Amino acid sequence: MPDDYQARVGQWVEAHGGAWPPLANLARLSEEVGELARALNGRFGPKTPKPTEHPGDLAEEIGDIAFVLAVLAGQLGLDLHQAAEDALRKAKRRDSERF
Ligand SMILES: [Mg+2]
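Every value quoted in this text rests on a predicted model; they were computed, and no experiment measured them.

Bringing the coordination of the magnesium ion into the picture now. Looking at the magnesium ion, one finds its protein donor set to be E32 (OE), E35 (OE), E61 (OE) and D64 (OD), positioned 2.0 to 2.1 Å from the metal centre. Of note, the donors binding the magnesium ion are all from one chain and are spaced E-x2-E-x25-E-x2-D. Of this pair, E35 sits in helix 2 (residues 22–44) while D64 sits in helix 3 (residues 58–75), and the two are 29 residues apart along the sequence. Using a relative accessible area of 34% as the deciding quantity, one classes E35 as partly exposed.

As structure tokens, this is what we get:
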């Protein structure tokens, strides 16, 4: 995700009425994770979609999750890009001799 993604999401959100409260965004994030789970389950799991049901788009759902995370991080004053870099650094340190 580009360095300026969070800022561009924040600009869009502000231009469209501002962010929902953090707990509402957490609920929205949960909804999007559920949509990803449904799409994954339809593709790799035992719960295949009905003939009339859209199978779900994995890339779209991952993008939706990234979008809500950018909104949530922005409203909490957190830098999503930095947080992602920190998580990678933590994984490298923690698992350097594990895999
Ligand atoms: Mg979605």
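Having seen the structure, we can now continue with the description.
This brings us to the packing of aromatic side chains. Considering all chains together, one arrives at one aromatic pair under this definition. A centroid spacing of 6.0 Å and a plane angle of 75° characterise the contact between W12 and F67, whose relative ring orientation is edge-to-face. Of this pair, W12 sits in helix 1 (residues 5–15) while F67 sits in helix 3, placing them 55 residues apart in sequence. Classification of W12 as partly exposed rests on a relative accessible area of 46%. On the basis of relative accessibility, which here comes to 21%, the residue F67 falls in the partly exposed class.

Cut-offs applied
- Residues numbered from 1 in each chain as written.
- Predicted model: local features only at pLDDT ≥ 70, side-chain atom pairs only at ≥ 80, totals over all residues.
- Heavy atoms only, no water.
- Donors = N, O, S within 2.8 Å, 3.2 Å for Na, K, Ca; no water.
- Helix = DSSP H or I, 4+ residues; strand = E, 2+ residues; numbered from the N terminus.
- Buried < 20%, exposed > 50% of the residue type's maximum accessible area, 1.4 Å probe, protein only.
- Phe/Tyr/Trp six-rings, centres within 6.5 Å; stacked < 30°, edge-to-face > 60°.

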